[in-house]
Amino acid sequence: MRTFHDLVDEGVQGRTVLVRSDLNVPIDDDRNITDDGRIRASVPTISELSGAGAQVVVMAHLGRPKGGPDERYSLAPVATRLGELLGAPVRLVELGKPLPSMAAGDVVMLENVRFDARETSKDDDERAGFADQLVALAGDDGAFVSDGFGVVHRKQASVYDVAQDLPAYAGGLVLSEVEVLRTLTGERSLRNESGQSPERPYTVVLGGSKVSDKLAVIEALLPTVDRLLVGGGMCFTFLAAQGYGVGSSLLEADQVDNCRRLLESGRIVLPVDIVVADAFSADANTRTVTVDGIPDGWSGLDIGPDSVSAFSSLLRTTRTVFWNGPMGVFEMAPFASGTRGVAQAIVDATSAGAFSVVGGGDSAAAVRALGVGEEGFSHISTGGGASLEFLEGETLPGVAVLEDLLP
């Protein structure tokens, strides 16, 4: 892929550069950003382009508006926070309005691109029409930089179609994400020039709610990993496949046979104890039980301390680790210990020389929420869904279009 470094070398002084970033951050009812990780991750590319004299127009979305303006999904607080991080104001521009007068180095942000229903349309012509509107903002000598890894698995106007109508380049964030994931899959990359398989032992840690959400990535990774540790709500369907009762825990009955089949690999490691509660509440009654002792009417909401110890012991000797999904309901203090313990074990493995990747989404949010230092991991992805689809072997439209445009 051509990179934004190539673009800077070509010269961007006074040129308008459209940058697609992923700034879909959580915002509370008072319009306060509760986790600015994605905004901070977008700064290096935007800052370098601005510093080289480009007039930077940031494109992004927030939430899932119904194809029209909605104040709840305005990017206004995001623009304010980005300006704070850049050290210069970032003006917000309504969709369909001309850009304000801009000097070299200025940064503006378009309002939520999903306020226009054509952004996510399945109709190619509708998307192309919106893309034409965006491209027109760049002028005759404009360029496009794709830096929102969290959206490259979507065939959307500001991600895919714009890249076909302007000179297109990968931003630093997209480039680093793809390089890291190619290391995990053994594909050739700048980081992995010889295309070697990941250093072993290679351990994958998966959590989250549902097996059905992770089935494709489990099936893709299982033949390539040495062990796959399973926690979170999805572990109960695996436990049911082993014949254990799971009380009122999350269970996907239609996935039990799939779990039984996957367990035949001998590479899947399940929890040995569970923190259960009599209600889904931070002040519920709780107890720690072995996996064969989950009471009727109680729900498993975290892996137990013995499971953390067992997982940590395996992680201690790993050389490559990919983690996606929390081990429990980490947002509630009584059920955060499993996720915190596994995160710390990965940090310890990293400090001992392992290569560690946190697969974005709730895992990245947990790292920040639980106070585990981000610097303790080799890489924290900004795109949970995109990273999983990459590891599943799926084509990511926003990446493929950049590769297809190589001269």
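Preceding this section is the structure that the text describes.
First, a word on scope: everything that follows refers to the structure included in this document. (Residues numbered from 1 in each chain as written. Predicted model: local features only at pLDDT ≥ 70, side-chain atom pairs only at ≥ 80, totals over all residues. Heavy atoms only, no water.)

Focus on the overall build of the chain
Inference 1: Helix and strand counts for the chain come out as 14 helices and 15 strands.
Inference 2: The principal-axis extents of the C-alpha atoms in the chain amount to approximately 65 × 50 × 40 Å.
Inference 3: Classification of the 407 residues of the chain by burial places 56% in the buried group.
Inference 4: Across the chain, the fraction of contacts at a sequence separation of at least 24, relative to all contacts at a separation of at least 6, is 71%.
Inference 5: On the chain, roughly 16,600 Å² of surface is accessible, and the fraction owed to carbon and sulfur atoms is 45%.
Inference 6: Put simply, the chain has 33 plus and 57 minus side-chain charges, and the middle of one group is 2 Å from the middle of the other. (Helix = DSSP H or I, 4+ residues; strand = E, 2+ residues; numbered from the N terminus. Buried < 20%, exposed > 50% of the residue type's maximum accessible area, 1.4 Å probe, protein only. Contact = heavy atoms within 4.5 Å. Areas by Shrake-Rupley, 256 points an atom, 1.4 Å probe, with all protein chains shown as cover. Lys, Arg positive; Asp, Glu negative; His and termini not counted. Charge placed at Lys NZ, Arg CZ, Asp CG, Glu CD.)

Topic: the packing of aromatic side chains
Inference 1: A complete count under the given rule lists zero aromatic pairs for this structure.
Inference 2: The aromatic ring of Y169 is capped on one face by R2, whose charged end is 4.9 Å from the ring centroid.
Inference 3: A cation over an aromatic ring shows up here: R287 above the ring of W298, its NZ or CZ 4.2 Å from the ring centre. (Phe/Tyr/Trp six-rings, centres within 6.5 Å; stacked < 30°, edge-to-face > 60°. Lys NZ or Arg CZ within 6 Å of the ring centre and 35° of its normal.)

Examining the pattern of salt bridges
Inference 1: Scanning the model with the defined rule gives 19 salt bridges in all.
Inference 2: Among the ionic pairs, R127 bridges to D161, the shortest N-O distance being 2.7 Å. Placement of the pair is R127 in helix 4 (residues 124-136) and D161 in helix 5 (residues 157-161), with a sequence separation of 34 residues.
Inference 3: In the salt-bridge network here, residues are joined through shared partners; they are D35, D36, R40, R81, E84, R368 and E374. (Salt bridge = Lys/Arg side-chain N within 4 Å of Asp/Glu carboxyl O.)

Side note on the nonpolar core
Inference 1: L228, F238 and I268 are the most contacted members of the largest nonpolar core, which has 71 residues in total.
Inference 2: Ranked by residue count, the leading element in this core is helix 8 (residues 235-241), at six residues.
Inference 3: Beyond its immediate sequence surroundings of up to four residues, F238 is in contact with V211, I218, V230, C259, L262, L263, I268 and L270.
Inference 4: Residues L23, V58, V90 and A143 belong to the second largest nonpolar core, which totals 26 residues. (Core = buried A, V, L, I, M, F, W, Y, C linked by side-chain atoms within 4.5 Å.)

Focus on the sheet that holds strand 12 (residues 299-303)
Inference 1: Across the sheet, three strands lie side by side as 11-10-12; this open sheet has antiparallel pairing. Where the open sheet ends on each side, the last strands, each with one partner, are strand 11 (286-290) and strand 12. Between one strand axis and the next, the sheet turns by 40° as a mean value, whatever way the strands run.
Inference 2: Bridging between strand 10 (residues 273-277) and strand 12 involves four bridges; their strand directions are antiparallel. Across the sheet, residue V276 finds its bridge partner in strand 12, namely G300.
Inference 3: Contacting strand 10, strand 11 and strand 12, helix 10 (residues 305-316) crosses the sheet at an angle of about 40° to strand 12. (Pairing = 2+ DSSP bridges. Axes fitted to C-alpha atoms, helices over the stretch in contact; angles between N-to-C directions.)

Quick notes on the packing of helix 7 (residues 211-221) against helix 13 (residues 384-392)
Inference 1: It is at 8 Å that the axes of helix 7 and helix 13 come closest, and there the two elements cross at 40°. Comparing the axis directions of helix 7 and helix 13 gives the class oblique. Crossing of helix 7 over helix 13 shows left-handed handedness. For the pair helix 7 and helix 13, the contacting residues are K214, A216, V217, A220 and L221 in the first and L388, L391 and E392 in the second. (Parallel < 35°, antiparallel > 145°, perpendicular 65-115°, else oblique. Left-handed = near helix turned anticlockwise from the far one by under 90°.)

Comments concerning the pairing of strand 8 (residues 227-230)
Taken residue by residue, a regular strand's side chains alternate between the two faces of the sheet.
Inference 1: Neither face of strand 8 is open: one carries R227 and L229, the other L228 and V230, and all of them are buried.
Inference 2: Strand direction decides the pairing type here: strand 7 (residues 202-206) and strand 8, joined by four bridges, are parallel. Looking at strand 8, one finds that L206 is bridged to V230.
Inference 3: Where strand 8 and strand 9 (residues 268-269) come together, two bridges link them in parallel fashion. Bridge pairing in strand 9 places L228 opposite I268.

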